[in-house]
Amino acid sequence: MRTKFLNDVFFQAINEQSQGRVKINSHWDGEISISYDALKTVKDGSKAQITVIVPEYCAKELPLHQIFKSFPVGPAGQEQVNFFRNIYKEIPELLQEIESQGLHVIFIATGYPAAFFSSKPMTDLKSIKSQKWRSASFWHRDFLANSGATPVIMPWGQGVFDALNNGTLDGLIVNIDSGYDINAHKAAPNILTSQKLWLGHEYIIAMNKAAWEKLSDLDKRAIENAAEIAYLKLGEVMNAAYYDQIKILESAGANVRILSDQEIKFWEDTTNYKAIQEKWLKEQALKSADIILNKIRYYLKDFTD
């Protein structure tokens, strides 16, 4: 969905707003650079001038951006789109962190919510206690541990499916579309999910700063106008795509249940996420990180406890 949205909505809007002067030649599936090297590739600028940056893949370069994933619940759809737009206006240190890498942000896309894929029947989230669960996020591994599960570190790919299939892994927390991509639902068909189970996912569409500065003011405005057009459409597309994903999983034989608000609150309380955040702050010793965390907490207060 995200790739299609960028191609068909955002990039197309850039072409239209610039009256054809700016056209994006898109290359996906690691054709130019793998995701983990995306920041480095566009910073260099010789192979590509625009890229999609996943902050989780460049924690060293973007440490403050890791804070978003430290919340177990949050907004979805257009509310999530608006949240990220507002937070960058309210916390200039976030944009500065990206710009210090020689980049300029032109759009921020969002991702699907999380889902619990279990190889065993799940009546509720208490079921994960004493089981072995995999998550890529260091935050979510702590969430799992606080919930009584054993967090497992395992490279993403076929090995995760095999572990679910042979019983060495009981479950998986991941964005719902990625679970489908590796056929996790075939080995772990019992799925609990909710749009409120956000992963703090953002996909930063960034441009090489030197390339951006070479653009005329007219073309810069064209890209900015295109972003405004895309932002107005993104939330609705994300909502529809989430429920389409559930239908796809169900048609493939999975048992999918959307968690109630009470169950979401249970998960939030069980994770003890605020204590984990405080521990992270002490370990990182990042300048102003405590202030930034409190600001993000404030803007998420309507979605968290």
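Coordinates for the structure precede this section.
Predicted model only: the values in this text are computed from it and were never measured. (Residues numbered from 1 in each chain as written. Predicted model: local features only at pLDDT ≥ 70, side-chain atom pairs only at ≥ 80, totals over all residues. Heavy atoms only, no water.)

**So, the pattern of salt bridges**
One pass over the structure, following the stated rule, counts ten salt bridges. With a closest N to O distance of 3.6 Å, K69 and E56 form a salt bridge. Taken together, the residues K69 in the loop between β1 (50–53) and α3 (77–90) and E56 in the loop between β1 and α3 connect sequence positions 13 residues apart. Classification of K69 by relative accessible area gives buried; the value is 7%. On the accessibility criterion, E56 (24% relative accessible area) is partly exposed. Across the salt bridge formed by K196 and D261, the nearest N and O atoms sit 2.7 Å from each other. You can see K196 sitting in the loop between β7 (190–193) and β8 (202–208) and its partner D261 sitting in helix α11 (residues 261–271), a full 65 residues away along the chain. (Salt bridge = Lys/Arg side-chain N within 4 Å of Asp/Glu carboxyl O. Helix = DSSP H or I, 4+ residues; strand = E, 2+ residues; numbered from the N terminus. Buried < 20%, exposed > 50% of the residue type's maximum accessible area, 1.4 Å probe, protein only.)

**Description of the sheet that holds β1**
In space, the three strands of this open sheet follow the order β1-β8-β2, with antiparallel pairing throughout. The sheet terminates laterally at β1 and β2 (103–110), the two strands that pair on one side only. Taken pair by pair, the neighbouring strands of this sheet meet at an average axis angle of 25°, ignoring direction. Pairing between β2 and β8: seven bridges, direction antiparallel. Across the sheet, residue T110 finds its bridge partner in β8, namely E202. Lying over the sheet, helix α1 (residues 2–17) contacts β1, β2 and β8, oriented at roughly 115° with respect to β2. (Pairing = 2+ DSSP bridges. Axes fitted to C-alpha atoms, helices over the stretch in contact; angles between N-to-C directions. Contact = heavy atoms within 4.5 Å.)

Distances and angles like these do not, on their own, reveal function.
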